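Read off the chains here:
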Amino acid sequence: MEKTYIPKESEIHREWFVIDADGLILGRLASKVATVLLGKHKPTFTPGVETGDGVIVINAGKIRVTGKKLTDKIYYRHSGYPGGLKSISLRDQLDKHPDRVIRAAVWGMLPHNKRGKSIIKWLKVYAGAEHKHESQQPKVLA
């Protein structure tokens with residue numbers, strides 16, 4: 001029998017990638033980002049082991065959506081108090097906090113457990129074209 005390969009900590013090499021979201025469709029962008037964060041693009045991918053890379057998304061405010069999602073898609077949050085349910089449409093969310101739109105879409109494609117919470121920390125989203133991660137020497141992800 002063959003033994004299952006599990007990469008050791010010294011064998012995991014993490015890189016940073018930058019993605020320009022200008023004109024990209026939200027769901028397709030989120031699935032590409034989630035794939036890189038999970039490490040599924042690497043030949044050493046192993047479920048249960050964090051082998052993914054970091055992702056920097058710029059121009060988050062310039063994403064596109066199809067259909068009537070700008071008006072029909074609603075984001076909900078609750079303050080924890082009675083009557084504390086707040087809602088905001090995708091169009092308003094893109095105007096006020098475009099980084100939250102991409103973060104919510106990517107979070108929906110990650111595992112909802114401790115591992116997913118540690119993976120989402122490798123995602124950095126910026127509304128404009130500038131980011132502060134030049135020292136990580138990110139590569140452009142096509």
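Scroll up a little and you will see the structure.
Just so it is clear, the structure is predicted and the values come from calculations on it, not from any experiment.

(A) A look at the overall build of the protein chain. On a plain count of helices and strands, the protein chain comes out with five helices and six strands. Secondary structure of the protein chain in N-to-C order comes out as β-α-β-α-β-β-α-α-α-β-β. Along the three orthogonal principal directions, the C-alpha set of the protein chain runs to about 55 × 35 × 30 Å. Counting all 142 residues of the protein chain, 37% fall into the buried class. Partitioning the intrachain contacts of the protein chain with sequence separation of at least 6 by distance along the chain shows that 67% fall at a separation of at least 24. For the protein chain, the exposed surface amounts to about 9200 Å²; the carbon and sulfur share of it is 54%. Each charge sign in the protein chain was given a centre, from 25 positive and 14 negative side chains, and these centres are 7 Å apart.

(B) Local environment of the nonpolar core. Ranked by size, the top nonpolar core spans 28 residues in total, and within it V33, V57, I102, V106 and L123 carry the most contacts. Those residues within four positions of V106 in sequence are excluded, and the remaining contacts are A30, V33, A34, L37, I120 and L123. Counting residues in each nonpolar core, the second largest holds five residues, with W16, I56, I58 and Y126 among its members.

(C) Examining the packing of aromatic side chains more closely. This structure, assessed with the given rule, holds one aromatic pair. The aromatic ring of W122 is capped on one face by R14, whose charged end is 4.3 Å from the ring centroid. One residue, K73, lies across the ring of Y75, its end atom 5.1 Å from the ring centre.

How each quantity is defined
Residues numbered from 1 in each chain as written. Predicted model: local features only at pLDDT ≥ 70, side-chain atom pairs only at ≥ 80, totals over all residues. Heavy atoms only, no water. Helix = DSSP H or I, 4+ residues; strand = E, 2+ residues; numbered from the N terminus. Buried < 20%, exposed > 50% of the residue type's maximum accessible area, 1.4 Å probe, protein only. Contact = heavy atoms within 4.5 Å. Areas by Shrake-Rupley, 256 points an atom, 1.4 Å probe, with all protein chains shown as cover. Lys, Arg positive; Asp, Glu negative; His and termini not counted. Charge placed at Lys NZ, Arg CZ, Asp CG, Glu CD. Core = buried A, V, L, I, M, F, W, Y, C linked by side-chain atoms within 4.5 Å. Phe/Tyr/Trp six-rings, centres within 6.5 Å; stacked < 30°, edge-to-face > 60°. Lys NZ or Arg CZ within 6 Å of the ring centre and 35° of its normal.

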